[in-house]
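Summary of the model geometry
Each chain, written out:
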Amino acid sequence: MKKVYLIRHGESEGNAGSIHQCPTSSLSEKGKRQATFIADRCAKLPIEIIISSTLNRAKETAEIIADKIGKPIETSNLFIEQRRPREQIGKPKDDQEVLHIEKTIRENFHIKNFRFSDEETFSDLKNRAKQALYFLKNRPEENILVVTHGFFMRIIMAHAVFGD
């Protein structure tokens, strides 16, 4: 039976800060320690391959794990975090415009294909989760470690449990 181990990347500079992070955000010192901690745990698992999001913070986490367990890394855009509206990137999380955008998206998240601007919708995320699970199912490896992001990991899990 195939086993997929999902790991959220370590804390990034963007997570720790008060600004909405961009895709190039790197791991903080705490995030590097977290990745080292999880790498020690992964050393006890029969992992054959690591598949990582292409975003820096996930790739850095995957590299720390790979250094510990000696397994290859592949990257895939299927496992990136939800794309936020461009209007939020690089702005303070407590900015009034940013908060208005968050509220608008949250209030309309259930509306199929509602889009504030260029963010991923719930339908987009659901489709990408479906593609990600199909991708993993069709991999030849039986034990796969995936380094992804918190929100997208929840979408993958929801799709795995509840289906379409």
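Each remark here, short or long, concerns the structure printed above.
Conventions and cut-offs
Residues numbered from 1 in each chain as written. Predicted model: local features only at pLDDT ≥ 70, side-chain atom pairs only at ≥ 80, totals over all residues. Heavy atoms only, no water. Pairing = 2+ DSSP bridges. Helix = DSSP H or I, 4+ residues; strand = E, 2+ residues; numbered from the N terminus. Axes fitted to C-alpha atoms, helices over the stretch in contact; angles between N-to-C directions. Contact = heavy atoms within 4.5 Å. Core = buried A, V, L, I, M, F, W, Y, C linked by side-chain atoms within 4.5 Å. Buried < 20%, exposed > 50% of the residue type's maximum accessible area, 1.4 Å probe, protein only. Phe/Tyr/Trp six-rings, centres within 6.5 Å; stacked < 30°, edge-to-face > 60°. Lys NZ or Arg CZ within 6 Å of the ring centre and 35° of its normal.

Reading across from one edge, E1-E4-E2-E3 is the order of the 4 strands in this open sheet, with parallel pairing throughout. The open sheet has two edge strands with one neighbour each: strand E1 (3-8) and strand E3 (73-75). Between one strand axis and the next, the sheet turns through 25° on average, direction left out of account. Sheet strands in contact with helix H3 (residues 56-69) are E1, strand E2 (49-52), E3 and strand E4 (143-148), and its direction is about 170° off that of E2.

Counting residues in each nonpolar core, the largest one holds 13 residues, and the members touching the most others are Ile-51, Phe-79, Leu-136, Ile-144, Val-146 and Phe-152. The set of elements that each furnish at least two residues to this core consists of E2, helix H5 (122-137), E4 and helix H6 (150-162). It is H5 that contributes the most residues to this core, 4 residues altogether. Contacts of Leu-136, omitting those with residues within four sequence positions, involve Lys-2, Val-4, Ile-51, Phe-79, Ile-144 and Val-146. Core analysis: the second largest hydrophobic core is formed by 12 residues, Ile-7, Ala-39, Ile-47 and Ala-62 among them.

Looking now at the packing of aromatic side chains. By the definition in use, this model includes 3 aromatic pairs. Ring plane angle 65° and centroid distance 5.4 Å describe the contact between Phe-109 and Phe-122, whose orientation is recorded as edge-to-face. A residue pair is termed long-range when its members are at least 10 positions apart, and Phe-109 in the loop between helix H4 (96-108) and H5 and Phe-122 in helix H5 qualify at 13 residues. With a relative accessible area of 26%, Phe-109 lands in the partly exposed category. Residue Phe-122 is classed as partly exposed on the basis of its relative accessible area, which comes to 35%. An aromatic cluster is built from Phe-109, Phe-122 and Phe-151, whose rings are joined through pairwise contacts. Over the ring of Phe-152 we find Arg-128; its NZ or CZ atom is 4.0 Å from the centre of that ring.

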